[in-house]
Amino acid sequence: MEIDRVLLSPAQRRVQGRPGRCQPRGDDPPAPPAGRAGRHVVIVAWRDIASPQAGGSELLVDQLAAGLTARGDRVTLLCGGPSAAHSYDVVRSGGPYTQFLGAPFAYWRRLRECDVVVEVCNGMPFLAPLWSRRPMICMVNHVHTDLWPLRFRPPLSTAGRFLEQRVMPCVHRHNLVLTVSASTARELESLGVPRERIRMLTNGAAPVGPPAPRSAEPLFLALGRLAEYKRIDLLLRLWDRVRPVVGGRLVVAGDGPQRDYLESLAGPGVTFAGRVNEEQKHRLLAAAWLLLHPAQIEGWGIVITEAALRGTPAVGFDVPGLRDSVEHGRTGVLARSEAEFASAWAALALDPARRAALGEAARRRGARLRWSTAVRHFSAVIDEAADGAR
C-alpha cells in the first residue's frame with residue numbers, strides 16, 4: 001500500500017522503503033535496530049489486549065509494545081481494567097473510568113523517570129501533558145465526533161465531545177500526533193492539528209497460518225465488537241433483503257453490549273458465534289465468501305486486512321477508515337447507501353469470478369502490511385519526539 005508520505009517524518013520515510021523481514025508476533029523476532037534502543041516508553045491507554053472489550057486499538061498497542069520490546073526498549077503499558085502477562089510491563093491505574101483519575105498518580109509513583117510518554121486518545125483523553133513533562137506523543141486511531149451520542153446521553157456526551165475536539169488538541173498543541181489512516185489525519189486537521197505535526201503508520205496483520213477451506217455454500221461474515229457504531233442491526237435488516245436472492249448463512253462473530261438486542265432482531269439464516277479465538281477467527285475468515293463491515297466509522301479496520309490475507313474481499317460503507325483499508329472496486333466494495341450495500345452484497349455473492357478477483361487483489365495488498373514496518377515507523381516517531389524535546 002502507498003502511505004501518504006507527506007504525513008511521515010524523515011526518519012519514517014527512510015524506513016518505509018525497507019521491506020519488513022518479520023513481524024513482532026507469529027514470526028522471528030525483529031533484528032535489533034541500527035540506531036538507538038534501550039528507551040523506557042510509557043504507553044497510556046484505556047485497556048490491555050486481555051480485556052474482553054479489547055478491539056483494534058488494543059491490538060495495535062499490543063503489537064507496537066511487543067515490537068519495541070523485541071528491539072531492545074523497555075515498554076510499560078499504563079491502563080485500567082483486566083490485564084495479562086506480556087513481554088512488556090503492565091501497570092494498572094484503576095477501573096474503566098476511575099483510571100482517568102488514577103493514571104497520573106500511578107505515573108508519578110512508578111513511571112515518571114521514563115524517556116517518552118505515548119497517550120492513546122481513544123475518545124476520552126487522559127490529558128497527559130498536564131501531569132507529565134516528558135517528551136510526548138498523542139496517538140489517535142479515529143475521532144469519535146459522531147459516536148459520543150451513541151454511547152452517552154447529554155451532558156456526558158457533550159462533555160466527552162468537547163474534551164476530544166477542543167481540549168485534547170489544545171493540551172497536545174506542541175506534540176506529535178500519530179494516527180493509522182489518512183482519513184483520521186484529515187479529521188485531526190479539521191480539529192486544528194497542523195498537518196506538519198501529524199505522523200502516520202499503517203496497521204499490520206499477523207501471519208494467517210495453514211490454509212483453510214472456503215465454504216461450499218454461501219457464507220457471509222461480520223466480525224467485531226457488537227457495539228452501536230458497528231451497525232450490525234443495519235446488517236441484519238439488509239440480510240432480510242439479500243437472503244431470498246442468495247441464500248446461505250450470515251455469521252456474526254464477536255461480543256459486546258448489543259448482543260442480546262441483536263439476537264432479538266435476527267431472522268432466519270443468522271448465527272451468532274460469540275467471542276472467537278484466533279484459530280476460530282481465521283477459520284471463519286477463510287470460509288466466508290464476503291466480510292461484511294457496516295461500521296459507521298473506523299480508524300482502519302484491522303479485520304479487513306485479516307480477511308484480505310485469507311483472500312476474502314470486504315463490503316463496507318464509504319466511511320473514514322474503511323476508505324483506507326478497502327480499495328473500492330479492487331479489494332472490495334464501498335457503498336454510499338443501504339441500497340448500494342445490499343446490491344453489492346448480492347451481486348458479489350452471485351458472481352464467483354469477480355469475488356475471486358477482488359479476493360486475490362486483497363490478499364496481495366494485505367501481504368504487504370507488516371507489523372514490523374509499523375513498529376519501525378513507531379520507533380522513528382519516538383526518536384523524533386525525544387529529539388524535539390531537547
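A quick note: this is a predicted structure, and the numbers were derived from the prediction, not measured. (Residues numbered from 1 in each chain as written. Predicted model: local features only at pLDDT ≥ 70, side-chain atom pairs only at ≥ 80, totals over all residues. Heavy atoms only, no water.)

1. A look at the overall build of the protein
Logical step 1: Looking only at helices and strands, one finds 14 helices and 13 strands in the protein.
Logical step 2: Taken over 390 residues, the protein has a buried fraction of 57%.
Logical step 3: The contacts of the protein with a sequence gap of at least 6 include a subset with a gap of at least 24, amounting to 67%.
Logical step 4: Surface accessibility of the protein: about 16,500 Å² in total, with carbon and sulfur atoms responsible for 53%. (Helix = DSSP H or I, 4+ residues; strand = E, 2+ residues; numbered from the N terminus. Buried < 20%, exposed > 50% of the residue type's maximum accessible area, 1.4 Å probe, protein only. Contact = heavy atoms within 4.5 Å. Areas by Shrake-Rupley, 256 points an atom, 1.4 Å probe, with all protein chains shown as cover.)

2. A look at the packing of aromatic side chains
What characterises a pair of aromatic rings is the spacing of the ring centres plus the angle enclosed by the ring planes.
Logical step 1: What the rule picks out here adds up to nine aromatic pairs.
Logical step 2: Centre to centre, the rings of F341 and W345 are 6.2 Å apart; their planes meet at 85°, and the pair counts as edge-to-face. Note that F341 and W345 are positioned in helix α12 (residues 338-349) at a spacing of four residues, about one turn of the helix.
Logical step 3: Exposure remark for F341: the relative accessible area of 0% places this residue in the buried category. (Phe/Tyr/Trp six-rings, centres within 6.5 Å; stacked < 30°, edge-to-face > 60°.)

3. Here we look at empty space enclosed by the protein
Using a probe with the size of a water molecule, rolled over the atoms, empty space left in the structure can be pinpointed.
Logical step 1: As enumerated under the stated definition, the model contains three cavities of 30 Å³ or more in all.
Logical step 2: One number sums up the size of the largest cavity: a volume of about 90 Å³.
Logical step 3: Taken together, 13 residues make up the lining of the largest cavity; nearest its centre are I304, A308, S325, T331 and A362.
Logical step 4: For the lining of the largest cavity, the secondary-structure elements that each account for two or more residues are α10 (302-309) and α13 (352-367).
Logical step 5: For the lining of the largest cavity, the class distribution of residues is seven nonpolar, five polar and one charged.
Logical step 6: What lines the second largest cavity is simply A222, L223, G224, R225, K230, I232, L292, H293 and P294.
Logical step 7: Contributions of two or more residues to the lining of the second largest cavity are made by β8 (219-223) and β11 (290-293). (1 Å grid on protein atoms, 1.4 Å probe; cavity = no way out; pocket = protein on both sides within 12 Å on 5 of 7 lines; lining within 4 Å. Points joined across faces, edges and corners; volume = space filled by probe spheres on them. Nonpolar A, V, L, I, M, F, W, Y, C, P; charged D, E, K, R; others polar.)

4. Notes on the pairing of strand β6 (residues 176-179)
Residues in a regular strand point their side chains to alternate faces of the sheet.
Logical step 1: Side-chain alternation along β6 places L176 and L178 on one buried face and V177 and T179 on a second face that is also buried.
Logical step 2: Of the pairings in the sheet, the one linking strand β5 (residues 136-139) to β6 comprises three bridges and is parallel in character. Bridge pairing in β6 places M139 opposite L178.
Logical step 3: As paired strands, β6 and strand β7 (residues 198-200) are joined by three bridges and run parallel to one another. By the bridge assignment for β7, V177 is matched with I198.
Logical step 4: Assessed by its sense of winding, the connection that carries the chain from β6 through helix α6 (residues 182-190) to β7 is right-handed. (Pairing = 2+ DSSP bridges. Right-handed = clockwise from strand over helix to strand, strands pointing away.)

5. What to know about the sheet that holds strand β3 (residues 89-92)
Logical step 1: Taken in spatial order, the seven strands of this open sheet run β3-β2-β1-β4-β5-β6-β7, and their pairing is parallel. Across the chains shown, the open sheet's two edge strands, defined by having one partner strand only, are β3 and β7. For this sheet, the mean inter-axis angle between neighbouring strands, taken without regard to orientation, is 25°.
Logical step 2: Contacting β2 (74-79), β3 and β4 (116-120), helix α3 (residues 99-110) runs over the sheet at an angle of about 145° to β2. (Axes fitted to C-alpha atoms, helices over the stretch in contact; angles between N-to-C directions.)

6. Details of the pattern of salt bridges
Logical step 1: What the rule picks out here adds up to 18 salt bridges.
Logical step 2: The partner of E306 in a salt bridge is K281, with the nearest N and O atoms 2.8 Å apart. On the criterion of sequence distance, the pair formed by E306 in helix α10 and K281 in helix α9 (residues 278-287) is long-range, its members being 25 residues apart. Each member of the pair, E306 together with K281, is buried. (Salt bridge = Lys/Arg side-chain N within 4 Å of Asp/Glu carboxyl O.)

7. As for the environment of E228
Logical step 1: Along the chain, E228 falls in the loop between β8 and α7 (232-246).
Logical step 2: Sequence separation between E228 and A295 is 67 residues, and the spatial gap between their C-alpha atoms is 8.7 Å.

8. Describing the environment of R161
Logical step 1: Turning to its location among the elements, R161 is positioned in helix α5 (residues 156-171).
Logical step 2: Along the primary structure R161 and V143 are separated by 18 residues, whereas in three dimensions their C-alpha atoms are 9.6 Å apart.

9. Thoughts on the sheet that holds β8
Two modes of strand pairing occur in sheets, parallel and antiparallel, and in both the strands are linked by backbone hydrogen bonds.
Logical step 1: Spatial strand order, β10-β9-β8-β11-β12-β13: six strands in an open sheet with parallel pairing. Lying at the two open borders of the sheet, with one neighbouring strand each, are β10 (270-274) and β13 (332-335). Averaged over all pairs of adjacent strands, the angle between strand axes in this sheet comes to 25°, irrespective of strand direction.
Logical step 2: Sitting on the sheet, α7 touches β8, β9 (249-253), β10, β11 and β12 (314-317), and the angle it makes with β9 is about 160°.
Logical step 3: On the sheet, α9 packs against β8, β9 and β11 and is oriented at approximately 135° with respect to β8.

10. Side note on α12
Logical step 1: An ideal rise of 1.5 Å per residue puts 16 Å on twelve residues; α12 measures up with 17 Å between its terminal C-alpha atoms.
Logical step 2: Of all the residues in α12, the buried ones are F341, A342, A344, W345, A346, L348 and A349. (Expected span 1.5 Å × (residues − 1).)

11. Some points on unusual backbone geometry
Logical step 1: In this model, L127 sits at a positive phi of 55°, which is unusual for a non-glycine residue.
Logical step 2: Structurally, L127 is set in the loop between β4 and β5.
Logical step 3: Accessibility expressed as a relative area gives 17% for L127, which makes it buried.

12. Here's the deal with the side chain of R225
Logical step 1: If you trace the backbone, R225 turns up in the loop between β8 and α7.
Logical step 2: The side chain of R225 is buried and forms no salt bridge, while E228, the nearest opposite charge, is found at 6.9 Å.
Logical step 3: In this view, R225 contacts Q53, K230, D255, G256 and P257; residues no more than four positions away in its chain are not counted. (Lys, Arg positive; Asp, Glu negative; His and termini not counted.)

13. A word on the environment of R368
Logical step 1: Note on placement: R368 falls in the loop between α13 and α14 (371-388).
Logical step 2: For R368, a relative accessible area of 47% corresponds to the partly exposed category.
Logical step 3: The sequence separation of R368 and G204 amounts to 164 residues, and the corresponding C-alpha distance is 8.4 Å.

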